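Descriptive structure summary
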Amino acid sequence: MFIIIGIMLSGMLIGYLLRSKRLTWIHKIITFLIWLLLFLLGIDVGDNKAIMNGLHTLGLEALTITLAAVIGSTLLAWGLWYLLYIRNRNKEEKA
C-alpha cells in the first residue's frame, strides 16, 4: 500500500516540477495504458471461472448499482445547480 502511495506522490512531484513544460504527448500514452489495463483486466476476468459462472447475477447487480448511481448523481447535480443558479437568479430579478 505504501508503495502505491509513494508512486502516486512521486508522479505528483514530477508533474509539479514539469508543469511549465508542454507535455501534449502524455495523453496518448495514458490512453494507451488505460486500454492495456482494461484489456488485461478482461483477460483476468475471463479466466476466473467463478466470475464467469455467476456473470448473469453479477451483471444484473452491476446494472442496478450503475443505474442508481447515475440517477442519484443526476438528481443531486440538478438540485445543486438549482440552488446555486436558478434560485439566485430569481432573487436578483426580484431586487
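Described in the following lines is the structure provided in the data block. Because the structure is a prediction, the values reported are computed rather than measured.

**A word on the overall build of the protein chain**
Along the backbone of the protein chain there are 4 helices and 0 strands. Ordered by position from N to C terminus, the α and β elements of the protein chain give α-α-α-α. Its C-alpha radius of gyration of 22 Å places the protein chain more than 25% over the 12 Å reference for a compact globule of 95 residues. By its C-alpha atoms, the protein chain is 65 × 45 × 30 Å across when sized along the principal axes. Residues classed as buried in the protein chain amount to 2% of the 95 residues present. If the 9 positive side-chain charges of the protein chain are averaged to one point and the 5 negative ones to another, these points end up 15 Å apart.

**Examining the packing of aromatic side chains**
Aromatic rings considered in pairs are described by the distance between their centres and by the relative angle of their planes. Applying the stated criterion across every chain yields a total of 1 aromatic pair. Judged by centre distance (5.8 Å) and plane angle (20°), the rings of Trp78 and Tyr82 are stacked. With Trp78 and Tyr82 both in helix H4 (residues 55–94) and 4 residues apart, the pair spans about one turn of that helix. A relative accessible area of 53% places Trp78 in the exposed class. In this structure, Arg19 is placed above the aromatic ring of Tyr16, and the distance from its NZ or CZ to the ring centre is 4.0 Å.

Cut-off values and rules
- Residues numbered from 1 in each chain as written.
- Predicted model: local features only at pLDDT ≥ 70, side-chain atom pairs only at ≥ 80, totals over all residues.
- Heavy atoms only, no water.
- Helix = DSSP H or I, 4+ residues; strand = E, 2+ residues; numbered from the N terminus.
- Rg over C-alpha atoms; globule rule 2.2 N^0.38 Å.
- Buried < 20%, exposed > 50% of the residue type's maximum accessible area, 1.4 Å probe, protein only.
- Lys, Arg positive; Asp, Glu negative; His and termini not counted.
- Charge placed at Lys NZ, Arg CZ, Asp CG, Glu CD.
- Phe/Tyr/Trp six-rings, centres within 6.5 Å; stacked < 30°, edge-to-face > 60°.
- Lys NZ or Arg CZ within 6 Å of the ring centre and 35° of its normal.

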